[in-house]
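Structural overview
Each chain, written out:
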Amino acid sequence: MFGCLVAGRLVQAAPQQVAEDKFVFDLPDYENINHVVVFMLGTIPFPDGMGGSVYFCYPDQSGMAVWQLLGFVTNEKPSAIFKISGLKSGKGSQHPFGAMNLPQTPSVAQIGISVELLENLAQQTPVASAAVSSVDSFTEFTQKMLDNFYNFASSFAVTQAQMTPNPSEAFIPANVVLKWYENFQRRLTQNPLFWKT
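Residues numbered from 1 in each chain as written. Predicted model: local features only at pLDDT ≥ 70, side-chain atom pairs only at ≥ 80, totals over all residues. Heavy atoms only, no water.

Rule in force here: UniProt positions are given in the numbering used here, feature names are shortened, and annotations may be inferred rather than shown by experiment.
For the chain, the name recorded in an unreviewed UniProt entry is Protein Hikeshi, with Ifrita kowaldi as its organism. Looking at the chain in UniProt, the text filed under Sequence similarities (unreviewed entry) is "Belongs to the OPI10 family." On record in UniProt, under Function (unreviewed entry), the comment for the chain is "Acts as a specific nuclear import carrier for HSP70 proteins following heat-shock stress: acts by mediating the nucleoporin-dependent translocation of ATP-bound HSP70 proteins into the nucleus. HSP70 proteins import is required to protect cells from heat shock damages. Does not translocate ADP-bound HSP70 proteins into the nucleus."

1. Looking at the pattern of salt bridges
Worth spelling out the cut-off: Any Lys or Arg side-chain nitrogen located within 4 Å of an Asp or Glu carboxyl oxygen qualifies as a salt bridge. Accessible area is worked out with a 1.4 Å probe on protein chains only. A residue is then buried under 20% of its type maximum, exposed over 50%, and partly exposed in between.
Applying the stated rule across the entire model yields one salt bridge. For the salt bridge of Asp21 with Lys22, the shortest nitrogen-to-oxygen distance reads 3.0 Å. Judged by its relative accessible area of 29%, Asp21 falls in the partly exposed class.

2. With respect to the layout of surface pockets
Put simply, the rule is: The definitions used throughout rest on a 1 Å grid laid over the protein atoms alone, on which a cavity is an enclosed set of points accommodating a 1.4 Å probe that cannot get out and a pocket is an open set flanked by protein within 12 Å on both sides along at least five of seven lines; lining residues are those having an atom within 4 Å of a point. Grid points are joined across faces, edges and corners, and a volume is the space filled by probe spheres set on the points. Numbering of helices and strands starts at the N terminus; helices are DSSP runs of H or I of at least 4 residues and strands are runs of E of at least 2.
In this structure, the largest pocket encloses a volume near 470 Å³. Residue lining of the largest pocket: 16 residues in total, with Ala153, Phe156, Ala157, Phe171 and Ile172 positioned closest to the centre. The element contributing the most residues to the lining of the largest pocket is helix α2 (residues 137–154), with five residues.

3. Notes on the nonpolar core
Cut-off, in case you're wondering: Working definition of a nonpolar core: buried Ala, Val, Leu, Ile, Met, Phe, Trp, Tyr and Cys residues. They are joined through side-chain atoms within 4.5 Å. It only takes one pair of heavy atoms within 4.5 Å for two residues to be counted as in contact.
Membership of the largest hydrophobic core comes to 26 residues, with the highest contact counts inside it found for Phe2, Leu27, Phe56 and Ile111. Among the elements that take part in this core, strand β8 (residues 108–117) stands out by supplying four residues, more than any other. Setting aside residues no more than four positions away along its own chain, Ile111 makes contact with Cys4, Phe23, Val24, Phe25, Leu27, Val36, Val38, Val54, Tyr55, Phe56 and Leu70.

4. Some details on the sheet that holds strand β7 (residues 79–83)
Counted only if it meets this: The pairing criterion is simple: DSSP has to find at least two bridges between the two strands. Throughout, an axis means a line fitted to C-alpha atoms (over the contacting stretch in the case of helices), and angles, computed between N-to-C directions, take values from 0 to 180 degrees.
Pairing is antiparallel across the open sheet formed by three strands, whose spatial order is β1-β4-β7. If you trace the sheet from one side to the other, it starts and ends with β1 (2–5) and β7, each paired once. Neighbour-to-neighbour, the strand axes of this sheet turn through a mean angle of 20°, independent of strand direction. Summarising the sheet, β1 and strand β4 (residues 35–40) pair through four bridges and their orientation is antiparallel. By the bridge assignment for β4, Cys4 is matched with Val38.

5. So, the side chain of Ser53
Spelled out, the test is: Whenever two N or O atoms come within 3.5 Å, that pair is a polar contact, provided that in protein one can donate a hydrogen and the other can accept it, and provided that, for residues adjacent in sequence, both atoms are side-chain atoms.
Considering the arrangement of structural elements, one finds Ser53 in strand β5 (residues 50–59). At 3.4 Å, the side chain of Ser53 forms a polar contact with the side chain of Glu116. Among the polar contacts made by the side chain of Ser53, one reaches the side chain of Gln124 at a distance of 2.8 Å. Those residues in contact with Ser53, other than ones at most four positions away along the chain, are Leu69, Gly71, Phe72, Gly112, Ile113, Ser114, Glu116, Leu121 and Gln124.

6. A short note on the pairing of strand β2 (residues 16–19)
When β2 meets strand β3 (residues 22–28), the two strands line up antiparallel, connected through three bridges. Bridging across to β3, Ala19 finds its partner in Lys22. Count of turn residues in the β2/β3 antiparallel hairpin: two residues.

If you want it as structure tokens, here you go:
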């Protein structure tokens, strides 16, 4: 029903079923994992009105299991990417795996999936830093750079009446910069790699 993927590793498609409605994947050498993808295999959908809460579990310094809610998967949202690199020192949250005493070893973490009612999923609050931005860092950098350039160039804008003649200086109308800015933003939205062609 579920799969788990870590970049550079084989796909895990056979979770350990620890209860009728709970599944776990082991993540060996978890200290070197930044992101994990949890997805439905497409073979068995959730029953109507059900979805899966996705948890990250790692051993704290005393070896106790610390569980953190990452998010969820549903029939309508069958896959999700979670950033776990910043969670390894965070606080735990309420979880449905407590009574199971899953075995923990110092270098192995786990991804847990708990099948629950969709209305319960809607009331849960995942760890904020687990969400992966839908905008990649290059696109985000480019947007910030465009904003910065436009704001910088606009700060020098003067009206025609304020201009003093200076034959050695060229002037670019502000509306030309604005048009370039809007065109570049539109092209970046359509294809973030358009500049490579």
